[in-house]
Amino acid sequence: MKALVVEDNVNLAKSIATTLREAAFNIDVADDGKKALHILEQGGYDLLVLDLGLPELDGISLLRKLRHQQNTIPVLIISARDSLDQRIHGLEVGADDYLCKPFSLEEVAARARALVRRAKHFGGETLQCGRLEFFPDAMELRLDGKPMLLHRRELEVMEYLLINQNRLVNKDQIIDRLSTSDEPVSYAAVETYISRIRKKIGYDFGLKTVRGLGYYLESKDQEPTPPSGQTYE
Amino acid sequence: MSKRQSIRSRLLLWIGLPFCALAILALISSHLLLSHQINETFDDLLLNAAQRLERRIYTADGVLRINMHYFSVSTLGSRGEGKIFYRIKEANGNMIAGFSGLSDPPTASHEPVFYDVNYAGNELRAVALTFPFNRGSEPVNIEVIVAESKEARYTLTNDFMVTLTGLMVVTGLLAISIALLAIHLGLAPLNAVSQALRQRSPNDLQALDDDAPKEILPLIQSINHLMQRMKRSIESTQQLNADVSHQLRTPISEIRALTEIALKDTPQSPVHSSLQEIQRIAEHASHTVKQLLKYAKTRNELVDSSHLEKVDLVAICQEACAQTAPNIYKQGQELAFDLKQPIPHIIGDPITLRWLVTNLIDNASLHAGGSHAYQGTITVVLTADADQIVLTVSDEGSGVDEAQIAKLTERFFRHNKHSPGSGLGLAIVEQIATAHSAILTLSNRHQGGFEVSVTFPSTA
């Protein structure tokens, strides 16, 4: 996996690069928007980590240019500019995720992995969660390498949950995902699918029911982190 | 403590005092004029009586006599009241009839002379009249004196004065009532201004309407000017706060990032524990900076209520839960959202309302366990009835010492000094709640744990 870090602060650029390398990324660094645009034209990048406050070409303009060129590279914005307005603005222009300074490197790595996972999914790569591995092309779920017998709907639900690990997923989102077919899906049906999936997998693979909200699949490929006062903003 | 001056009593005093003085002056002059007029009228009547008496004198066998029964004396009186005395005698001294004790006039004259006299303990008004008469062929001068007690005059004057005074009192009372009404009406715009100010929320610094009468317009303009300055002062303070927080973000990010890298590079080194401490402090600082910015922003937005819109609290709660969920589950806690009935929309600011909910969830996540890390469920509940909508965020943790509950919304107060909070979370929540006219209630739950309720007035 190849990622470009665009950050003019040397300490931050270096730290982010080091962390992402540890997370198995190949990293290039650019310290202004123009250089970044030039580097990206060569192609082959799976992720762009973009600071908004840059000399020459600022982050938002760079992103707008990329999207204008039909470049769909996943973009994680990092900014000292707060306010949700800024965040919404960034996401509207085409950022995939937004991280506000000060952040933890661990958080950058987690978000970067999640972005690539979601993007890669369309590229046919597998989704993993502990002992489970999902093969999107074959629509197959394997437990410890052995294929499991799941109904097509259950597989679709499982796929959606695996794409959105460490995120709150509500029933409406699952229904939207499933409703491409003719019959409408009810909340009760979603609950049935989930309970069948649990029964068939047969062990606690990290799926939590969040009362009144939906489901949360905790990925088991991260080391547990100590509690901290970090808020996600 | 000196008594506060009142415009109303001042006006009353300055209307009432001149009015009383005028009334007294009017009464005195009326009294003088009346007494004078009454005296003249009564004097005329008295003279008339004397002239009538004069006509009753006749001569019989060279002796002057008077044709009057003793008891008809009273008919001489002007109004038949009071006592009448008379004396008729020749100018040379021979008494003809009447009371010889009546005193002579102070001056002798051919014209009628009026004078005051005292007789037998009576205050009398007398008239003396001298006229020529023929006794047989001998001409004599005859003097007639008629005196009348003054009671009738006094009574008449008194009657008049009593009526006049009564009229004055009634007019005075009427005038004071009219003055009170006028003062009330005149002060009404002033009362309207003070009421408008009293009914404002403490954060409303909008200008007052300046359609007031021109007398209080300068006051309103001064108030508006003051509010404008307060607004600017608050805004500049918030801007400074925001700038400072903003400028701190990048350096704190650097410290955090470099510390994280250094920690990984030096697992066995003696500096490891120091680095861990630096990391903890940097995390705390970054959290505080973020909260300070939010605090500044919510304060800033309190001043300006222009970007309020219809807000769906259910969606706000769901978004806040989705936003906080990764952190909550990473720490082994759970989230739940209970919705018992449909919730009407409220008028509010969606961004700050989401901060309110995320702050309450983060607050529970950080503090519910007391000195231990919390391992339980954080429940968000929305309920509604006709008048209000209640948002409750509760935990099943160790609760808070009752004595400290009131202090929780103070800035930088942290009831658990060991937890990594900024001490701003509930202050921000309170600020946002206040901006939405909502009431913040903090309490321990009967079944254990802590609960924060935000009660919004229903706008439906």
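Check the entry above for the structure.
Please read all numbers here as calculations on a predicted model, not as lab measurements.

Undergrad: I'd like a description of the overall build of chain A, backed by residues and values.
TA: From N to C terminus, chain A includes eight helices and twelve strands. Within the span of chain A, comprising 233 residues, buried residues form 55% of the whole. The contacts in chain A between residues at least 6 apart in sequence include a share of 57% that link residues at least 24 apart. Only carbon and sulfur atoms are counted for the fraction: they give 48% of the accessible area of chain A, which is about 10,600 Å².

Undergrad: Describe the interface of chain A and chain B, naming the residues involved and giving the relevant values.
TA: Opposite the 39 residues of chain A that make contact, chain B presents 42 residues. Between chain A and chain B, roughly 3,900 Å² of surface is buried when both sides are summed, and carbon and sulfur atoms account for 55% of that area. Summed over the shared surface of chain A and chain B, the number is two salt bridges. Of the charged contacts, one joins A:E22 and B:K264 as a salt bridge, the two residues approaching to 3.1 Å between their closest N and O atoms. Here chain A and chain B share nine residue pairs in polar contact (both at pLDDT 80 or more) between them. Within the residue set of the side of chain A that touches chain B, elements represented by two or more residues are α1 (10-22), α4 (84-93), α5 (105-121) and β11 (207-210) of chain A. Looking at the side of chain A that touches chain B element by element, the count peaks at six residues for α1(A). For the side of chain A that touches chain B, the class distribution of residues is 13 nonpolar, 16 polar and ten charged.

Undergrad: Can you break down the sheet that holds strand β1 (residues 2-6) of chain A residue by residue, with the values?
TA: Pairing between sheet strands relies on hydrogen bonds along the backbone, with the strands arranged either parallel or antiparallel. All names here are of chain A. The five strands are arranged β2-β1-β3-β4-β5 in an open sheet whose pairing can be described as parallel. Looking along the sheet, the strands with just one partner apiece sit at the ends: β2 (26-30) and β5 (97-100). Neighbouring strand axes in the sheet, compared pairwise and without regard to direction, differ in orientation by 20° on average. With four bridges connecting them, strand β3 (residues 47-51) and strand β4 (residues 75-79) associate as parallel partners. Paired with D51 across the bridge in β4 is I78. The sheet strands contacting α1 are β1, β2, β3 and β4, and the helix crosses β2 at an angle near 165°. Packed on one face of the sheet, helix α2 (residues 33-41) meets β1, β2 and β3 and runs near 165° to β1.

Undergrad: Can you lay out the nonpolar core for me, pointing to particular residues and giving the numbers?
TA: Residues and elements named next belong to chain B. In terms of nonpolar packing, the biggest core is built from 52 residues, with L335, L356, I361, L382, L391, V454 and F456 touching the most fellow members. Secondary-structure elements contributing two or more residues to this core are α5 (313-330), β9 (334-339), α6 (350-367), β11 (377-384), β12 (388-394), α7 (425-435), β13 (439-444) and β14 (450-457). In terms of residues, this core owes the most to one element, α5, which gives nine residues. Other than its neighbours up to four places away in sequence, F456 contacts L313, I346, L353, D387, Q388, I389, L391, H436 and A438.

Undergrad: With reference to specific residues and values, describe the sheet that holds strand β7 (residues 132-135) of chain A.
TA: All names here are of chain A. Pairing in this open sheet of four strands is antiparallel, and the strands run β6-β7-β8-β9 from one edge to the other. Taken across any chain shown, the strands that pair with only one partner, and hence form the sheet edges, are β6 (127-129) and β9 (146-147). Seen against the sheet, helix α6 (residues 152-163) touches β6, β7 and β8 (140-143) and runs at an angle of roughly 80° to β6.

Undergrad: I'd like to hear about unusual backbone geometry, residue by residue, with values.
TA: Residue A:P102 is reached from A:K101 by a cis peptide bond, and omega for that bond is -5°. Relative to the helices and strands, A:P102 is located in the loop between β5 and α5. Non-glycine residue A:N166 carries a positive phi angle of around 60°. Among the structural elements, A:N166 can be located in the loop between α6 and β10 (168-169). Residues other than glycine seldom take positive phi values, yet B:A120 does so here, at roughly 50°. Residue placement: B:A120 occurs in the loop between β5 (113-119) and β6 (122-135). Look at B:A120 and you get exposed, because its relative accessible area is 63%.

Undergrad: Go over the packing of helix α2 (residues 151-198) of chain B against helix α3 (residues 217-265) of chain B with me, naming the residues and quoting the values.
TA: Residues and elements named next belong to chain B. Where α2 meets α3, the closest approach of the two axes is 11 Å, and the angle between their N-to-C directions is 20°. Taken as axis vectors, α2 and α3 run roughly parallel relative to one another. Crossing hand, α2 versus α3: right-handed. Residue-level contacts link L190, V193 and L197 of α2 to L219, I220, I223 and M227 of α3.

Parameters at a glance
Residues numbered from 1 in each chain as written. Chains lettered and ligands numbered in written order. Predicted model: local features only at pLDDT ≥ 70, side-chain atom pairs only at ≥ 80, totals over all residues. Heavy atoms only, no water. Helix = DSSP H or I, 4+ residues; strand = E, 2+ residues; numbered from the N terminus. Buried < 20%, exposed > 50% of the residue type's maximum accessible area, 1.4 Å probe, protein only. Contact = heavy atoms within 4.5 Å. Areas by Shrake-Rupley, 256 points an atom, 1.4 Å probe, with all protein chains shown as cover. Buried area = accessible area lost by both parts, 1.4 Å probe. Salt bridge = Lys/Arg side-chain N within 4 Å of Asp/Glu carboxyl O. Polar contact = N/O pair within 3.5 Å; in protein donor to acceptor, adjacent residues only side chain to side chain. Nonpolar A, V, L, I, M, F, W, Y, C, P; charged D, E, K, R; others polar. Pairing = 2+ DSSP bridges. Axes fitted to C-alpha atoms, helices over the stretch in contact; angles between N-to-C directions. Core = buried A, V, L, I, M, F, W, Y, C linked by side-chain atoms within 4.5 Å. Parallel < 35°, antiparallel > 145°, perpendicular 65-115°, else oblique. Left-handed = near helix turned anticlockwise from the far one by under 90°.

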